[in-house]
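Single-letter residue listing:
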Amino acid sequence: MAKKQFKTESKRILDLMVNSIYTHKEIFLRELISNSSDAIDKLYFRSLTDSSVTLTRDDYEIRIGLDKDNRILTVSDNGCGMNAEELEKNLGTIARSGSLDFKSSIEDKDNEIDIIGQFGVGFYSAFMVSDRVSVVSKAYGDDTANEWVSTGADGYTVHPCEKESAGTVVTLHIKEDTDDVKYSEFLDEWKIRELVRKYSDYVRYPIKMLVSHSRKKEDSNEYETVMEDETLNSMIPIWKRDPSEVTDEEYASFYTEKYYDFEKPIKVIRQKAEGTAAEYIALLFVPSHAPYDYYSKEYEKGLQLYSSGVMIMDKCKDLIPDHFSFVRGLVDSSDLSLNISREMLQEDRQLKVIAKALEKKIANELQKFLNEDRENYEKFFKVFGTQLKYGVYSDYGIHKDLLQDLLMFSSSFEDNLTTLKEYVSRMPESQKKIYYASGESVDQLKLLPQVEAMKNHGYEVLFLTEDIDEFALQIMRNYQEKEFANVSENSDDLSSDEEKKALEEENSKCADLFQFMKDTLSDAVTQVRFTNNLGSHAASLANEGPLSMGMEKVLNRMPGMEEGVKAQLVLEINKDHAVADKLKELYGSDQVKLADYTKLLYGSARLVSGLSLDNPTEFNDLISKLM
Ligand code: ADP
């Protein structure tokens, strides 16, 4: 029979397995059992809607067989099985979702341990302990069975064979012992029992094995050895075990295996609701990093839904609100019917009650996380904070109360992130508003003249650098009744009444000068005026109207905004700067020069605000001319 070749990527992983020096080769059993359990899940799912599947829940089992003399270990199941085509597709190609990352780290041989430890490696791990693997499988509903055989990376064959009932039998020919590894252990009952307990205890289907017991013979004092079926796993899922008995490592490995993540979760949340409107257990995880597609349309949120220990839906969207869409995990409720359809679930009152309670629980747990483990919370926030801000902004701000205390921002206070609560607690009595500046980067914002002025005045400024930030704050309007205010619109807050009055007088005195300057700049600004609060800087741009410079940029990047929106800008000149006197003087003596100066001031003010120049060539020429 002609040998077929593995797909390149699979072949490399297989090679790695065959030559593995990994010390925990024992995980192969966990991988095979988990495949069997998945296969049974699939058939069980089908039985919910397909009446031709006549098995009932109690019929399903996974079975381990040992034949010490022939060095053979088998793992069988009566799950969905595979036809010839599926055998080829599934076992000739690595299917694991983490396999792409896997590929990139596989170049490094020293990384082997990490790779295997982190990803689990699926079916191919069988080759860590065996030199020949056979998979006999019959798809449910098919008449014919097939066998897939491989002795390693040189390829595999598939041919028809006999098998009575549907399901899969994986047969491993266990390697001979070496000086370093006692492969024979995997043919011992006690070892297998230990491994099942260790790795697969919560598998929901019985894992059975014929086990030798010694028993007293009837009517005699002699003992005999009999073989009896024993179920090796307790089948109690991890979320149903007493939380005080489950270790962090167990939760972490449950998570990494079940949700194909290679990193431990940064936070585990468990909730048990009893005697309330809905009874359920939830086991939730906050990942340490965002899935590669998290901030894209492709990402699907959702929790697994179980009814009394049996999964009835893989991604139940309705259980988790968008602002917590990064949360993964499951909910198990005895209140839900096993045969409930997707459509019915959407309307299900019970489900809505659970979703509401989960949302609250997650918010509380994140708050606790922030209060008790700041360092990790900041890590979390750097990964998923954007989503929380979107949450504040979406649905016209109705989630504000739930989310506002979970937000963090950079600020002029110190280099760390701050919460709004902390900001407010630091406000001096004279400060009435929460000030922010928005732009591309913290470094740029730190240098903004208005920020400098605020700081000199003892007022802290939040630095908004993400697109969503300013939109979120605008929807919130205020925090603890303190209004949010953009520094570039509110610089006169820093002036005393007398200073304001003096400024007003100066402004009206120079009305003609400003009109001239405004005409020079035409539509670029709505106004030119003096201001008090630019510190050592000569000029700056301020904002008027509902749209800020930052929002202008964000909106204009959005698809469908080709027309462009424009923030209303005001060119502000520092009243006390030498430039102010120069402008006044030029208005009387040299209006051509005044026009050039005006354009220069405007251009450099744009640059300071992080905006690009309208006309860089003209700006450049003006500088040369001046020099
Ligand atoms: P993974 O389980 O991560 O998808 P594996 O390499 O372990 O990757 O398995 C590849 C595929 O082979 C599985 O996705 C499944 O479709 C199929 N498979 C493996 N074992 C079985 C089995 N016992 N019964 C049915 N299908 C199986």
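Residues numbered from 1 in each chain as written. Predicted model: local features only at pLDDT ≥ 70, side-chain atom pairs only at ≥ 80, totals over all residues. Heavy atoms only, no water.

Enquirer: Please explain the nonpolar core as it appears in this structure.
Expert: The nonpolar side chains of a soluble globular protein tend to be buried with one another. Of all hydrophobic cores here, the largest spans 67 residues; its most connected members are Phe324, Phe326, Tyr377, Phe380 and Leu388. By residue number, the principal contributor to this core is helix α9 (residues 349-372), which donates eight residues. For this core, the domains that each give at least three residues are domain 2 (238-357) and domain 3 (378-489). Phenylalanine 324 has contacts with Glu359, Ile362, Ala363, Leu366, Leu388, Leu402 and Leu403, leaving out every residue within four places of it along the chain. Residues Leu73, Val75, Met82 and Val203 belong to the second largest nonpolar core, which totals 55 residues. (Core = buried A, V, L, I, M, F, W, Y, C linked by side-chain atoms within 4.5 Å. Buried < 20%, exposed > 50% of the residue type's maximum accessible area, 1.4 Å probe, protein only. Helix = DSSP H or I, 4+ residues; strand = E, 2+ residues; numbered from the N terminus. Domains from an automatic or database assignment. Contact = heavy atoms within 4.5 Å.)

Enquirer: What is the right way to look at the sheet that holds strand β18 (residues 482-486) in this model?
Expert: Sheet strands associate in pairs through backbone hydrogen bonding, adopting either a parallel or an antiparallel arrangement. Ordered by their spatial adjacency, five strands build an open sheet running β14-β16-β15-β18-β17, and the pairing between neighbours is mixed. Either end of the sheet is taken by a strand with one partner, and the two such strands are β14 (410-411) and β17 (478-479). Of the strand pairs in this sheet, β14 and strand β16 (residues 461-464) are connected by two bridges, and their pairing is antiparallel. When the sheet's bridge partners are listed, serine 411 is paired in β16 with leucine 462. (Pairing = 2+ DSSP bridges.)

Enquirer: Can you help me understand the side chain of serine 137 in this one?
Expert: With respect to the helices and strands, serine 137 occurs in strand β3 (residues 130-138). The buried category is assigned to serine 137, whose relative accessible area is 0%. Reaching out from serine 137, the side chain makes a polar contact with the backbone oxygen of glycine 167 at a distance of 3.3 Å. Of note is the side chain of serine 137, whose polar atom sits 2.8 Å from the side chain of threonine 168. Excluding its chain neighbours within four sequence positions, the residues that come into contact with serine 137 are Gly81, Met82, Leu87, Ala145, Asn146, Lys163, Gly167 and Thr168. (Polar contact = N/O pair within 3.5 Å; in protein donor to acceptor, adjacent residues only side chain to side chain.)

Enquirer: Is there a simple way to explain the side chain of aspartate 332 in this structure?
Expert: As for its position among the elements, aspartate 332 is in strand β13 (residues 328-332). A polar side-chain atom of aspartate 332 sits 2.8 Å from a polar atom in the side chain of tryptophan 239. Beyond its immediate stretch of four places on either side in the chain, aspartate 332 contacts Trp239, Lys240, Tyr280, Ile281, Tyr306, Ser307, Ser308 and Gly309.

Enquirer: Looking at this model, I keep getting lost on the confidence of the model for the protein chain. Mind explaining?
Expert: In low-pLDDT regions, the fine details of the predicted coordinates are not to be read closely. In the predicted model, the protein chain carries a mean pLDDT of 88, and 93% of its residues have values of at least 70. Below a pLDDT of 50 lies the segment residues 95-107, which in the model reaches 26 contacts outside its immediate sequence neighbourhood of four places, other chains included. (pLDDT = per-residue confidence, 0-100.)

Enquirer: So what exactly am I meant to see when it comes to the sheet that holds strand β20 (residues 539-544) here?
Expert: Overall, mixed pairing links the three strands, which are arranged β19-β21-β20 in an open sheet. Because the sheet does not close on itself, it has two edges, and the strands there are β19 (527-531) and β20. With strand direction ignored, the average angle separating the axes of adjacent strands in the sheet is 35°. Note: β20 against strand β21 (residues 568-574), six bridges, orientation antiparallel. Within β21, the position partnered with alanine 542 by the bridge is valine 570. Sheet strands in contact with helix α19 (residues 578-589) are β19 and β21, and its direction is about 100° off that of β21. (Axes fitted to C-alpha atoms, helices over the stretch in contact; angles between N-to-C directions.)

Enquirer: Would you explain the pairing of strand β9 (residues 267-273) in this entry?
Expert: On a regular strand, each side chain points to the face opposite its neighbour's, so the side chains alternate between the two faces of the sheet. The buried fraction of β9 is high, at five of seven residues. With seven bridges connecting them, β9 and strand β10 (residues 280-286) associate as antiparallel partners. Residue pairing in the sheet places alanine 273 in a bridge with tyrosine 280 of β10. Here β9 folds back onto β10, and the loop between the two strands holds six residues, one of which, glycine 275, carries a positive phi near 60°.

Enquirer: Can you walk me through the domain arrangement of the protein chain in this structure?
Expert: When cut into domains, the protein chain gives domain 1 (11-231), domain 2 (238-357), domain 3 (378-489) and domain 4 (494-626). The gap between the C-alpha centroids of domain 3 and domain 4 is 26 Å. The interface is formed by 19 residues belonging to domain 3 together with 22 residues belonging to domain 4. When the two sides are added together, the surface that domain 3 and domain 4 hide from each other amounts to roughly 1,700 Å², 56% of it contributed by carbon and sulfur. Among the residues of domain 3 in contact with domain 4, Pro449, Asp467 and Phe471 are the three that bury the most area, contributing 29% of the side total. Of the residues that constitute the side of domain 3 that touches domain 4, the class distribution is seven nonpolar, seven polar and five charged. (Buried area = accessible area lost by both parts, 1.4 Å probe. Nonpolar A, V, L, I, M, F, W, Y, C, P; charged D, E, K, R; others polar.)

Enquirer: Mind showing me how you'd approach the site of the ligand here?
Expert: Around the ligand, the structure places 13 residues, and the nearest of them are Asn35, Asp77, Asn90, Gly122 and Phe123. Contacts to the ligand include aspartate 77, whose side-chain N or O atom sits 3.0 Å from a nitrogen atom. In this structure, an oxygen atom belonging to the ligand sits 3.2 Å away from a side-chain N or O atom of asparagine 90. Taken by itself the ligand offers 530 Å² of open surface, and the protein chains cover 88% of this. Those elements giving two or more residues to the shell around the ligand turn out to be α2 (27-49) and α3 (84-92). No other element matches the four residues that α2 contributes to the shell around the ligand. (Near = heavy atom within 4 Å. Areas by Shrake-Rupley, 256 points an atom, 1.4 Å probe, with all protein chains shown as cover.)

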